[in-house]
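Summary of structural features
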Amino acid sequence: MQPSDIRNPDYFHKVVDCQWACPAHTQVPEYIRLIAAGRYGDAYIVNWKSNVFPGILGRTCDRPCEPACRRGRVEDENLPKPEPVAICRLKRVAADLKEDISDRLPKKPGKLNGRKIACVGAGPASLTVARDLAPLGYEVTVFDQDPRAGGMIWSQIPRFRLPEEVIDEEVGYVLNLGVNFVQRKIDSMTALMSEGYDAIFVGSGAPRGRDLDIPGRKQAARNIHIGIDWLASVSFGHTTKIGKRVIVLGGGNTAMDCCRTSRRIGGEDVKVIVRSGFNEMKASPWEKEDAAHEGIPILNFLVPKSFQLANGKLSGMVFEKVKAVYDKDGKRTLLPSGEPDQHFECDDVLVAVGQENAFPWIERDSGIEFEKGLPKLVPKTMQSTAPTVFFGGDSAFGPKNIIWAVAHGHDAAVSIDKLLNDENLNERPAPGMSMMSQKMGIHEWSYDSEIANDQRYKVPWADIKATLKNVKMEVELGFDVATAWKEAQRCLNCDVQTVFTTQLCIECDACVDICPMDCISFTRNGDEKELRARLNAPAVNLIQALYISSPLKTVRIMAKDEDLCLHCGLCAERCPTGAWDMQKSLIEMTYAGPAARSPLRQRQKKAA
């Protein structure tokens, strides 16, 4: 194998599993260390630079960072089930406990650059585009049919999960940059394209909930509601009650929000009915736990057959019992189990079986091409077949989540800025990386390298007797200062890297002896597959790299498995020559603006 190129930002970026897995690439270990130090405002700003909505995401994120967390795969096998650091809930800590940070945010530009940008939809993707472009002098106007900005953050997430004051604060930070918010339903892309905008960003989401066309649907329509529309109606105060017996159809997060909201506005007998198995449901595990905590049963392997009526009104539903059958490739098929159909009485049904994109307002002669209901895009740039029109969030690739919408917004903002500066959109900026030694003495580091053996701490909940009576009372209370500190200690500081200097190594193997994970080996070189198999601890996770040194004096190499390493620093403490050092690797994504533009192109423009 060739020596590892640790100068490439992506090398250590991948080692920081949580940051690599986050679509917005938030500097997770950095902000967790700041929380542990009580520097909540600093931790908030680290988040705000990348994910824009720390308080909102600290309550609602789908947490792609947590399954990737190294903590969840290196804990003592004798302990209970290993769990990742509560990254998402620590993000909320930074938002809840911060001081006033408004003076640390970008200021409204004193002079505009003469370019106008339109954003359709006021959700997280559009607001991210606005946040990135407004400080650069672009005149950004955000359009939405609703009276306040936020998009699905407002309309689809219940207030008992996300209080309105949190939304107002973080959406306000964006609008205060000089962004124009206009309540207007855009019903013609052609008309909008004729209004003089230099670029248009479409962040209109996936606004149409899928319906269920089975017998009785039309006759019982009055008491059958599309989940996302019903949630919006509750959020804006148009719906305040529901029948006592409620069936929620669907196994995603929207279904969980529907059933929990129903319990708060009149539903006494609320149940979720799903065609798949419990483990195959799309809802996040914690969403299912929250529903169970509130006494809402989830019934699985039931396929809806018909709506039943009595005296012209919905009275119940009939379901077919099915079972999952898997073929040799693991593909699942749901087949009738042979058991009798099951009947459940109900007064209302909420249909939350999925969402889909709807673009009736985009004329098919506008230059924007579609494929399978979605716009044809260049994924890297978010550019459509109409060069000045970009998409992001759910409107780009279908329903995902807020953090993906933010990532799309950053990418689209870079593209728009490059387009309007006559640059090649496909030349994407590499992230920046800085490496800083954490050495403060022979055996002392500027970070806490001790590994806490504590299991993950639970977030406290408000009294269920109170929360089920109030649709706006927040259920999760968040960590207090003491618990936040203890949870932060569980972080393994994966961004503090073990950096090896070949020339200083005397091959004493002291680092091998002291390594608690057996992840360091001094051995002869070889091809990767063969080398991985004969290390001190076989390196079986191919997702993470082997750190390979250049040849040592004995012609052996040092090979370290980045997957197993705890970043504990014991190798650096034990090394008598300083061949090992602990260096913090800060990976900074490059956002729209001069840093993302081609230096050569900028010099040519100045020379002209």
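Before reading on, note that the structure itself is shown above.
Reading the values: rules and limits
Residues numbered from 1 in each chain as written. Predicted model: local features only at pLDDT ≥ 70, side-chain atom pairs only at ≥ 80, totals over all residues. Heavy atoms only, no water. Salt bridge = Lys/Arg side-chain N within 4 Å of Asp/Glu carboxyl O. Helix = DSSP H or I, 4+ residues; strand = E, 2+ residues; numbered from the N terminus. Buried < 20%, exposed > 50% of the residue type's maximum accessible area, 1.4 Å probe, protein only. Pairing = 2+ DSSP bridges. Axes fitted to C-alpha atoms, helices over the stretch in contact; angles between N-to-C directions. Contact = heavy atoms within 4.5 Å. Left-handed = near helix turned anticlockwise from the far one by under 90°. Nonpolar A, V, L, I, M, F, W, Y, C, P; charged D, E, K, R; others polar. Polar contact = N/O pair within 3.5 Å; in protein donor to acceptor, adjacent residues only side chain to side chain. 1 Å grid on protein atoms, 1.4 Å probe; cavity = no way out; pocket = protein on both sides within 12 Å on 5 of 7 lines; lining within 4 Å. Points joined across faces, edges and corners; volume = space filled by probe spheres on them. Phe/Tyr/Trp six-rings, centres within 6.5 Å; stacked < 30°, edge-to-face > 60°. Core = buried A, V, L, I, M, F, W, Y, C linked by side-chain atoms within 4.5 Å.

**Description of the pattern of salt bridges**
- The full count for this structure, using the stated rule, is 45 salt bridges.
- Where Asp347 meets Arg245, a salt bridge forms, and the shortest distance between an N and an O atom there is 2.9 Å. Of this pair, Asp347 sits in the loop between β13 (342–345) and β14 (348–351) while Arg245 sits in strand β7 (residues 245–249), placing them 102 residues apart in sequence.
- Accessibility expressed as a relative area gives 26% for Arg245, which makes it partly exposed.
- One network of salt bridges, in which partners are shared, links Asp17, Arg70, Arg73 and Asp563.

**Observations concerning the sheet that holds strand β18 (residues 389–391)**
- On the basis of which strands lie adjacent, the open sheet formed by 5 strands has the order β3-β2-β1-β4-β18 and parallel pairing. At either margin of the open sheet sits one strand with a lone partner, and together these are β3 (180–183) and β18. The sheet shows a mean angle of 20° between the axes of neighbouring strands, direction not considered.
- Pairing geometry for strand β1 (residues 116–120) and strand β4 (residues 199–202), over 4 bridges, is parallel. In the strand pairing of β4, Val120 is matched with Val202.
- Where helix α9 (residues 124–133) meets the sheet, it contacts β1, β2 (139–144) and β4, and its direction lies at approximately 160° from that of β1.
- Sheet contacts for helix α17 (residues 402–419): β1, β4 and β18; angle to β18, the most-contacted strand, approximately 165°.

**Remarks on the packing of helix α8 (residues 87–97) against helix α19 (residues 481–488)**
- Between α8 and α19, the shortest axis-to-axis distance is 11 Å and the interhelical angle comes to 140°. Crossing of α8 over α19 shows left-handed handedness. On the side of α8, the interface is formed by Leu90, Val93 and Leu97, while α19 contributes Val481, Ala484, Glu487 and Ala488.
- In terms of residue class, the contact of α8 with α19 is built from 6 nonpolar, no polar and 1 charged.

**Observations concerning the side chain of Thr483**
- As for its position among the elements, Thr483 is in helix α19.
- A polar contact is formed between the side chain of Thr483 and the side chain of Asp480, at a distance of 2.7 Å.

**Description of empty space enclosed by the protein**
- Tallied over the full model, the rule gives 6 cavities of 30 Å³ or more.
- As for the largest cavity, its lining consists of 15 residues, of which Arg59, Arg89, Arg161, Asp290 and Glu476 are closest to the centre.
- Elements with a minimum of two residues in the lining of the largest cavity: α5 (54–60), α8 and α15 (285–293).
- Looking at which element gives the most residues to the lining of the largest cavity, the answer is α15, with 3 residues.

**Comments concerning α8**
- Counting buried residues along α8, 9 of its 11 residues qualify, which places the element largely inside the surrounding structure.
- On the buried face of α8, the contacting elements are α2 (17–21), α3 (28–36), α4 (40–51), α5, α6 (65–68) and α19.

**Overview of unusual backbone geometry**
- Backbone geometry at Val52 places phi at a positive 70°, although glycine is not the residue there.
- Along the chain, the position of Val52 falls in the loop between α4 and α5.
- For Val52, a relative accessible area of 0% corresponds to the buried category.
- A positive phi is found at Asp518, a non-glycine position, where the angle reads about 55°.
- By secondary structure assignment, the location of Asp518 is in the loop between α20 (510–514) and β23 (520–523).
- Relative accessible area serves as the criterion here: at 39%, Asp518 is assigned to the partly exposed category.

**Digging into the pairing of strand β8 (residues 269–273)**
- The buried fraction of β8 is high, at 4 of 5 residues.
- As paired strands, β7 and β8 are joined by 5 bridges and run parallel to one another. Opposite Val246, over in β8, you have Val270 as the bridge partner.

**Notes on the layout of surface pockets**
- Considering only enclosed or pocket space, the second largest pocket measures out at about 700 Å³ in volume.
- In this structure, the second largest pocket is lined by 19 residues; those nearest its centre are Arg63, Glu83, Trp286, Glu289 and Arg456.
- At the level of elements, α6 and α15 are the ones that each hand at least two residues to the lining of the second largest pocket.
- The leading source of residues in the lining of the second largest pocket is α15, at 4 residues.
- Looking at the lining of the second largest pocket residue by residue, the classes come out as 8 nonpolar, no polar and 11 charged.

**So, the packing of aromatic side chains**
- Applying the stated criterion across every chain yields a total of 10 aromatic pairs.
- Consider the rings of Tyr44 and Tyr173, whose centres lie 6.5 Å apart with planes at 75°: the pair is edge-to-face. Taken as a pair, Tyr44 in helix α4 and Tyr173 in helix α11 (residues 164–175) lie far apart in primary sequence, 129 residues in all. Considered together, Tyr44 and Tyr173 belong to a single accessibility category, that of buried residues.
- What links up through ring pairs into an aromatic cluster is the set Tyr11, Phe12 and Tyr547.

**Quick word on the nonpolar core**
- Ranked by size, the top nonpolar core spans 65 residues in total, and within it Leu133, Val140, Ile200, Phe391 and Ile416 carry the most contacts.
- In terms of residue count, the dominant contributor to this core is α17 (8 residues).
- Excluding its chain neighbours within four sequence positions, the residues that come into contact with Ile416 are Ile117, Val129, Leu133, Ala199, Phe201 and Phe390.
- If you look at the next biggest cluster of nonpolar residues, it comprises 30 residues, including Cys18, Ile45, Leu105 and Ala488.

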